[in-house]
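Notes for the structure review
Listed below are the residues making up each chain.
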Amino acid sequence: MKKYDVKCLLCGEVHNPYSLSCKKGDDSLLRAYYTAKQLMPTDMPGLWRYYNWLPVEGIIEEGSGRTITYKSEKLASALGLDDLWIAFNGYWPERDAYLMTCTFKDLESFPTMQRLMEQEEKRIMVVASAGNTARAFAHVCSITGQPLLLVVPKESVHRLWTIHDDNHSVCLVTVEGDYFDAIALAGKIASREGFVNEGGAKNVARRDGMGTVMLDAVLTSNELPAHYFQAVGSGTGGISAWEASMRLVEDGRFGNTLPKLHLGQSLPCAPLYSLWKGTDAIDAACPDEMYDDVLFNRKPPFAVKGGVKNALEASGGDIYAVSNEEASYAQDLFEKSEGIDINPAAAVAVATLVQAVKAGNVKPGEKIVLNITGGGQKRLIKDYELKQLPVSLAVSAKDEDAENMVVKKVTEGFGV
Ligand SMILES: *Cc1c(COP(=O)(O)O)cnc(C)c1O
């Protein structure tokens, strides 16, 4: 029996399981439909615990972690909540949390890599990112040896570290210029022969990998929550939480109401908030002045079938926008009450929860899951030496020959 099918949400056509989009157009996401209607945790390591709802036929054992969910006491009491659950994504050995790049992007990179291996992909994977995604892919590629080209804005290069001594399968290119030039350049290179794009939100492995946050939270707390909080840039994590919730409703054991999604964005650069509210909360200088620029995405999958808008409508959810002051206060509150450092993006989720409590959008007794999308980097430094990835090439977006220079450098470097 087949483990899963990948179908277009618009036309219903069953696709090759590795497809990223429907041949009939780009108006819809594809979704994985699993044959097993009940979630059966396995004893495999890390996120592979949720193997039966991941679109993979095998695992990468080394270096994989998963979400750790626990019931909050101190933060909950500070906010006057009785049933607050923290879904922690990062490094926190005291709680058995081992996502080694300290964000939930590891939940996307491992299943994505596993599927490249299933396809015996020999082409070079291209990833453009402001940091956390790039780091997660560098980590997994350093384990599997898959050649990887990272194209990142020059300002983000400090985020490009791993815990591995040997990162020779990773080629890091920095781009000087507009923040979006990195993405544009990566896109051009990925469409060339010999290169392959990882697909972003369109990739079912990325979404179902992130969906394991909800699976872990529900398995640990025994029931679907009434509310789910997360900081978003592209909103892919919100879509993933919704898709996982639908599967859990179908499972039948965890309740039948979809959790309301409460998605948080960081001012002054909140494109998803703007799209949802019909306002204009984007500054010309974006992503400058943001609490964490990993939360900026110029083209989030909002209106596409199966995208952020559908997820919010189906769950009765909402998008919030938080100021830097609110985020900074929330970060302090969380770190002092829970005793672990968190990623600035995750502080935006905490601030969103604070706003929602103040507005009366959540009631004290309701079950709430707070996705801490990243944390424990300060904790990690106590145990590991972080190895900065060397820059193979620095290009300027203004340089007309940038694309060719990168391709030449990469193909020489990898000997293809
Ligand atoms: C990527 C990222 C987010 C936002 O994720 P979405 O793709 O928008 O769901 C939030 N927090 C951290 C730490 C991230 O790395």
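An account of the accompanying structure is given in this report. For every chain, the first residue of its written sequence is number 1, and the numbers climb from 1 along that sequence. Local features in this predicted model are restricted to residues of pLDDT 70 or higher, and side-chain atom pairs are both shown and tallied only at a pLDDT of 80 or more, whereas totals for entire chains, interfaces and linings draw on every residue. Where side-chain values are given, they derive from all heavy atoms of the structure, hydrogens and water being excluded.

1. Let's talk about the overall build of the protein
Stated formally: Comment: elements are numbered from the N terminus, with helices defined as DSSP H or I runs of at least four residues and strands as E runs of at least two. The atom set for the radius of gyration is the C-alpha atoms, and the globule formula is 2.2 Å times the number of residues raised to the power 0.38. Residue burial is assigned from relative accessible area. The probe radius is 1.4 Å, only protein chains are included, and a residue is buried under 20% of its type maximum, exposed over 50%, and partly exposed in between. By the convention used here, residues are in contact when the closest approach between their heavy atoms is within 4.5 Å. Each accessible area value is a Shrake-Rupley result obtained with a 1.4 Å probe; residue values ignore everything except the protein chains displayed when judging cover. Positive residues here are Lys and Arg, negative ones are Asp and Glu, while His and the chain termini are left out of the count. All charge positions are set by atom: Lys at NZ, Arg at CZ, Asp at CG, Glu at CD.
A tally of regular secondary structure across the protein gives 13 helices and 18 strands. Taken over C-alpha atoms, the radius of gyration comes to 20 Å for the protein, in line with the 22 Å a tight globule of 416 residues would show. Counting only C-alpha atoms and orienting by the principal axes, one finds that the protein spans roughly 60 × 50 × 45 Å. Expressed as a percentage of its 416 residues, the buried residues of the protein come to 58%. In the protein, once contacts between residues fewer than 6 apart in sequence are set aside, the share between residues at least 24 apart is 70%. Total accessible area computed for the protein in this model is approximately 16,500 Å², and 49% of it derives from carbon and sulfur atoms. The centroid of the 43 positive side-chain charges in the protein is displaced by 4 Å from the centroid of its 54 negative side-chain charges.

2. Some words on the layout of surface pockets
Under the convention used in this document: Put simply, the grid is 1 Å and covers the protein atoms alone, a cavity is a trapped set of points that fit a 1.4 Å probe, a pocket is an open set with protein on both sides within 12 Å along at least five of seven lines, and lining residues have an atom within 4 Å of a point. Grid points are joined across faces, edges and corners, and a volume is the space filled by probe spheres set on the points. Ten residues, namely Ala, Val, Leu, Ile, Met, Phe, Trp, Tyr, Cys and Pro, are considered nonpolar, four, namely Asp, Glu, Lys and Arg, are considered charged, and the remaining ones, Gly among them, are considered polar.
By volume, the second largest pocket is sized at about 290 Å³. The wall of the second largest pocket is formed by 16 residues, among which Arg159, Ile342, Asn343, Pro344 and Gln377 lie closest to the centre. Residue assignment for the lining of the second largest pocket shows that the elements contributing at least two residues are helix 3 (132–144), helix 10 (324–338) and helix 12 (377–383). Residues that form the lining of the second largest pocket fall into these classes: four nonpolar, six polar and six charged.

3. Points about a negative patch on the surface
Definition in use: By definition, no residue in a patch forms a salt bridge, and every one has over 30% relative accessible area; like charges are joined within 9 Å, nonpolar side chains (Val, Leu, Ile, Met, Phe, Trp, Tyr) within 5 Å. Salt bridge criterion: a side-chain nitrogen from Lys or Arg within 4 Å of a carboxyl oxygen from Asp or Glu.
Together, Glu155, Asp283, Asp288 and Glu289 line one region of the surface with negative charge. The residue Asp288 is located in the loop between helix 8 (271–277) and helix 9 (308–315) in this model.

4. Here's the deal with the environment of Val410
Looking at where Val410 falls in the secondary structure, it is placed in helix 13 (residues 402–414). For Val410, a relative accessible area of 1% translates into the label buried. When the C-alpha positions of Val410 and Val170 are compared, they lie 9.6 Å apart, and in sequence the two are 240 residues distant. Ignoring sequence-local partners within four residues, the contact set of Val410 consists of Ile124, Leu149, Cys171 and Phe195.

5. Focus: the packing of helix 4 (residues 181–190) against helix 13
The test is simple: The convention used is that axes are lines fitted to C-alpha atoms, helices contributing only their stretch in contact, and that angles between N-to-C directions extend from 0 to 180 degrees. Angular relationships are summarised with four words: roughly parallel below 35 degrees, roughly antiparallel beyond 145, roughly perpendicular across 65 to 115, and oblique for the angles in between. Crossing handedness follows the turn of the near helix against the far one: under a right angle anticlockwise gives a left-handed crossing, and clockwise gives a right-handed one.
Look at helix 4 against helix 13: their axes get within 10 Å of each other, and the N-to-C directions meet at 60°. As summarised for this structure, helix 4 and helix 13 are arranged oblique, according to the angle between their axes. Of the two possible hands of crossing, helix 4 and helix 13 adopt the one that is right-handed. Where helix 4 approaches helix 13, its residues Leu185, Lys188 and Ile189 are matched on the opposing element by Ala402, Glu403, Val406 and Val407. Residues that form the contact of helix 4 with helix 13 fall into these classes: five nonpolar, no polar and two charged.

6. Let's talk about the sheet that holds strand 13 (residues 227–231)
Let me state the cut-off plainly: Paired strands, as defined in this entry, are two strands with at least two bridges between them according to DSSP.
Spatially, six strands are ordered 4-5-16-13-14-15 in an open sheet, and the strand pairing comes out mixed. Every interior strand has two partners, whereas the edge strands, strand 4 (68–71) and strand 15 (318–322), have only one. Geometrically, the sheet is characterised by an average inter-axis angle of 20° between neighbouring strands, direction not taken into account. When strand 5 (residues 84–88) meets strand 16 (residues 368–372), the two strands line up parallel, connected through five bridges.

7. Observations regarding the site of the ligand
Our working definition: If even one non-hydrogen atom of a residue comes within 4 Å of a molecule or strand, that residue is called near it. In protein, a polar contact means a hydrogen-donor-capable atom and an acceptor-capable atom, both N or O and within 3.5 Å, with residues adjacent in sequence counting only if both atoms are side-chain atoms; elsewhere, any N or O pair within 3.5 Å suffices.
In the neighbourhood of the ligand, 17 residues make up the surrounding shell, with Lys105, Gly233, Gly235, Gly237 and Thr373 lying closest. Between Gln230 and the ligand, the recorded distance is 3.0 Å, taken from a side-chain N or O atom to an oxygen atom. Within the contact set of the ligand, an oxygen atom lies 2.8 Å away from a side-chain nitrogen or oxygen of Ser234. For the ligand, the protein covers 96% of the area, taking 380 Å² as the surface of the free molecule. Going through the elements one at a time, strand 13 and helix 7 (236–251) are the ones with two or more residues in the shell around the ligand.

8. A word on the nonpolar core
What counts is decided by this rule: The criterion is simple. A nonpolar core is a set of buried Ala, Val, Leu, Ile, Met, Phe, Trp, Tyr and Cys residues joined through side-chain atoms within 4.5 Å. Each domain's extent is set by a domain assignment, obtained either automatically or from a database.
Ranked by size, the top nonpolar core spans 68 residues in total, and within it Met125, Leu148, Leu150, Leu248, Leu261 and Val308 carry the most contacts. At six residues, the largest contribution of residues to this core is made by helix 3. Per-domain counts for this core show at least three residues from each of domain 1 (68–103 + 204–380) and domain 2 (124–193 + 386–413). Ignoring sequence-local partners within four residues, the contact set of Met125 consists of Met113, Leu116, Phe137, Cys141, Pro147, Leu148, Leu149, Val196 and Glu198. Listed in part, the 41 residues of the second largest apolar core include Leu79, Ala351, Val354 and Ile372.

9. A short note on the packing of helix 2 (residues 106–118) against helix 3
Interhelical geometry of helix 2 versus helix 3 gives an angle of 40° and a closest axis separation of 8 Å. Looking at the two axes, helix 2 sits oblique to helix 3. You can see that helix 2 and helix 3 cross each other, and the crossing is right-handed. For the pair helix 2 and helix 3, the contacting residues are Asp106, Ser109, Phe110, Thr112, Met113 and Met117 in the first and Ala136, Phe137, His139, Val140, Cys141, Ile143 and Thr144 in the second. Each residue belonging to the contact of helix 2 with helix 3 can be placed in one class, and the counts come to eight nonpolar, four polar and one charged.

10. A word on the packing of aromatic side chains
Here is the rule we go by: Each Phe, Tyr or Trp ring (for Trp, its six-membered ring) is paired with any other whose centre lies within 6.5 Å, and the angle between the two planes then decides the class: stacked below 30 degrees, edge-to-face above 60, tilted in between. Put simply, a charge is over a ring when the Lys NZ or the Arg CZ is close to the ring centre, within 6 Å, and near the line of the ring normal, within 35 degrees.
Evaluated as defined, the whole model comprises five aromatic pairs. When the ring of Tyr4 is compared with that of Tyr34, the centres are 5.9 Å apart and the planes differ by 45°; the resulting orientation is tilted. In this pair, Tyr4 sits in strand 1 (residues 4–8) while Tyr34 sits in strand 3 (residues 30–34), placing the two residues 30 residues apart along the sequence. Residues Tyr4 and Tyr34 agree in their burial class; the two are buried. With a centroid separation of 5.9 Å and 85° between ring planes, the pair formed by Tyr91 and Tyr384 is classed as edge-to-face. Of the two residues, Tyr91 is situated in strand 6 (residues 91–92) and Tyr384 in the loop between helix 12 and strand 17 (387–388); the sequence distance between them amounts to 293 residues. Cluster of aromatic residues (ring-pair linked, three or more members): Tyr70, Phe88 and Trp92. Directly above the ring of Tyr33 sits Lys7, whose terminal nitrogen or CZ lies 4.9 Å from the centroid. Here the guanidinium or amino end of Arg95 rests over the ring plane of Trp92, the centre of that ring lying 4.9 Å away.

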